[in-house]
Amino acid sequence: MPQIILLLLFAAIAWIGYRKFVADAEKLTRRQQEVRRRQETGTQGTLVKDPVTGEYRLKKPEA
């Protein structure tokens, strides 16, 4: 019985690790596509309007 519990625990940890890996890979792919688009169009970033001051600023990259 302890072997089954240990095996299930290992499988759960492996599944969580796999999902984290896939999420990180998708995030990296999106970031690379954004950089590629910027290079193709020659832009330096995306402007967003500050609702308080009304000024436009560069969008901060996602962490």
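Because the structure is predicted, anything quoted here is derived from the model rather than measured. (Residues numbered from 1 in each chain as written. Predicted model: local features only at pLDDT ≥ 70, side-chain atom pairs only at ≥ 80, totals over all residues. Heavy atoms only, no water.)

**A few points about the overall build of the chain**
Spelled out, the test is: Secondary structure follows DSSP: runs of H or I at least 4 residues long count as helices, runs of E at least 2 residues long count as strands, and numbering of each begins at the N terminus. Taken over C-alpha atoms, the radius of gyration is set against a globule rule of 2.2 Å times the number of residues to the power 0.38. Only protein chains enter the area calculation, which uses a 1.4 Å probe; residues under 20% of their type maximum are buried, those over 50% are exposed, and those in between are partly exposed. Accessible surface area values rest on a Shrake-Rupley calculation with a 1.4 Å probe, where residue burial reflects the displayed protein chains alone. Counted as positive: Lys and Arg. Counted as negative: Asp and Glu. His and the chain ends are not counted at all. Charge positions are represented by NZ for Lys, CZ for Arg, CG for Asp and CD for Glu.
The secondary structure content of the chain amounts to one helix and two strands. Secondary structure of the chain in N-to-C order comes out as α-β-β. Radius of gyration (C-alpha) of the chain: 21 Å, far over the 11 Å computed for a compact globule of 63 residues. Seen through its C-alpha atoms, the chain measures out along the principal axes to roughly 65 × 30 × 10 Å. Sorting the 63 residues of the chain into buried and exposed places 2% on the buried side. For the chain, the accessible area works out to roughly 6300 Å², and carbon and sulfur atoms hold 63% of it. Of the charged side chains in the chain, 12 are positive and 7 negative, and the gap between their average positions amounts to 2 Å.

**Some thoughts on the environment of Ala25**
With respect to the helices and strands, the residue Ala25 is situated in helix H1 (residues 2-41). Exposure remark for Ala25: the relative accessible area of 33% places this residue in the partly exposed category. Along the backbone, Ala25 and Ile5 are 20 residues apart, and their C-alpha atoms lie at a distance of 30 Å.

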